[in-house]
Amino acid sequence: MMKTPLPRRRLARLLLLPLLLSSLLLAGVAVYFGTPSGETMPEAKAALLSDAAVTVTQERWILFTPAAGNVASGYILYPGGRVPPEAYAPLAKGLAQAGNLAVIVPMPLNLAILNTDAATAVIEAFPQISAWTIAGHSLGGSMAARYAHQNPGKVDGLAMLAAYPESHLDFSLLDLSVAAVYGDRDGLATVAEIEASFPQLPAGARKVLIKGGNHAQFGWYGEQQGDLPARISRDEQQDLVIDALLSLTRAKASP
């Protein structure tokens, strides 16, 4: 007995159903990752305002430019996963107040893994900068490490904040100043995980353990689920992070 073929409209609906479900799933993923996991804190919003020492502009990137001319060194900052880029404004402004160009790079869906090579466009846009350090927090730090490894000679320094490189990347023979900056109260990128990556780093890499620091206080976006309570203030942790980043640049400049 021959089977009766499905009516065309019903067949079309059945064929479109997987496409519709896939589209809904992708839309849900985009909304989830496109929605930051925290809110930009008032201190970060205040740091986005220009002052006599630093000019702040927000276009393709968030730029912090020292008022003094002839800036020769710059920092590129990759935000953490699902963290609003504005949350790193106090960090970037601190670097600029010390005489460096600082550039926060917003990422697609707030995920640096979707635009790992973003630093290249920044470097090409500012040919007057002769020394670049790329830095990132959490996922942003891992992707900053990937960029530095895949683009030898593009950057002079790498700073991983509460982050560690992918296990297959070996930096030990690269001419690169590297710093790992991490907190002993980090519940997400633990001390054990970060220190396990140290054999991948150059012999002279700086390891900066912030006593009392946690994961979320590398930025200004509030608390983060799974993190441990910090035992120092956010201001204290930020000052230590800025000092570690500036020391990395100074170390590279030393003969």
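This write-up is about the structure you can find in this document. This is a predicted model, so every value here is computed, not measured. In this convention, every chain numbers its residues from 1, walking through the sequence in written order. Per-residue local features of the predicted model are confined to residues with pLDDT of at least 70, and side-chain atom pairs are confined, for both listing and counting, to 80 or more; whole-chain, interface and lining totals are unaffected and use all residues. Side-chain metrics in this entry use all non-hydrogen atoms of the structure; hydrogen atoms and water are not considered.

### Some points on the sheet that holds strand S8 (residues 206–210)
Note the threshold: Note on pairing: DSSP must find at least two bridges between two strands before they are called paired. To qualify as a helix, a DSSP run of H or I must reach at least 4 residues; to qualify as a strand, a run of E must reach at least 2; elements of each kind are numbered from the N terminus. Simply put, an axis is a line fit to the C-alpha atoms, just over the touching stretch for a helix, and the angle between two N-to-C directions goes from 0 to 180 degrees. Pairs of residues are marked as contacts when any of their non-hydrogen atoms sit within 4.5 Å.
The strand order S1-S2-S4-S3-S5-S6-S7-S8 describes an open sheet built from eight strands, whose pairing is mixed. The open sheet has two free edges, formed respectively by strand S1 (54–58) and S8, since each of these has just one partner strand. The sheet shows a mean angle of 15 degrees between the axes of neighbouring strands, taken without regard to direction. As defined by bridge partners, strand S3 (residues 73–78) adjoins strand S4 (residues 101–104) across four bridges and the pair is classed as parallel. Each residue of the ladder has a partner; that of Gly74, found in S4, is Leu101. Contacts from helix H3 (residues 89–97) reach S1, strand S2 (62–66), S3, S4 and strand S6 (157–161) within the one sheet, and its direction differs from that of S2 by about 25 degrees. Contacts from helix H5 (residues 139–150) reach S3, strand S5 (131–137) and S6, with the element oriented near 145 degrees to S5.

### Here's the deal with unusual backbone geometry
Phi is positive for Leu109, which is not a glycine, with a value near 55 degrees. The phi torsion at Asn110 lies on the positive side, around 60 degrees, for a residue other than glycine. Tracing the chain through its elements places Asn110 in the loop between S4 and helix H4 (118–125).

### Some words on the pattern of salt bridges
The condition is simple: For this document, the term salt bridge refers to a Lys or Arg side-chain nitrogen within 4 Å of an Asp or Glu carboxyl oxygen. Think of it in three bands: with a 1.4 Å probe and only protein chains considered, a residue is buried below 20% of the maximum accessible area for its type, exposed above 50%, and partly exposed in between.
Enumeration according to the criterion identifies two salt bridges in this entry. For the salt bridge of Asp51 with Lys93, the shortest nitrogen-to-oxygen distance reads 3.1 Å. One end of the pair, Asp51, is in the loop between helix H2 (42–47) and S1; the other, Lys93, is in helix H3, and 42 residues separate them in sequence. In this structure Lys93 comes out as buried when scored by relative accessible area, which is 8%. For Arg146, the salt bridge goes to Glu166, with nearest N and O atoms at 2.7 Å. Taken as a pair, Arg146 in helix H5 and Glu166 in the loop between S6 and strand S7 (177–183) lie far apart in primary sequence, 20 residues in all. Classification of Glu166 by relative accessible area gives partly exposed; the value is 21%.

### Observations regarding the packing of aromatic side chains
Just so we agree on the cut-off: Pairing of aromatic rings covers Phe, Tyr and the six-membered ring of Trp, with a centre-to-centre limit of 6.5 Å; geometry is then stacked below 30 degrees between planes, edge-to-face above 60, and tilted otherwise.
Tallying each qualifying case throughout the model produces three aromatic pairs. With a centroid separation of 5.9 Å and 70 degrees between ring planes, the pair formed by Tyr182 and Phe198 is classed as edge-to-face. Of this pair, Tyr182 sits in strand S7 while Phe198 sits in the loop between helix H6 (191–196) and S8, placing them 16 residues apart in sequence. Like Phe198, Tyr182 is buried.

### Some points on the pairing of S8
Heads up, the condition is: Call a crossover right-handed when, viewed with both strands pointing away from you, the route from the first strand across the helix to the second goes clockwise.
Pairing analysis gives five bridges linking S7 to S8, with the strands arranged parallel. Note that in S8 the partner of Gly183 across the bridge is Ile210. Remark: the S7/H6/S8 crossover connection has right-handed handedness.

### Structural notes on the pairing of S2
A regular strand places its side chains so that they alternate between the two faces of the sheet. The buried fraction of S2 amounts to four of the five residues, a majority that puts the element mostly inside the structure. In this sheet, S2 lies alongside S1 in antiparallel orientation, the contact comprising five bridges. Bridge assignment links Val56 to a residue of S2, and that residue is Phe64. As consecutive antiparallel partners, S1 and S2 are separated by three residues. In this sheet, S4 lies alongside S2 in antiparallel orientation, the contact comprising three bridges. Residue pairing for S4: Ile62 is matched across the bridge by Ile104.

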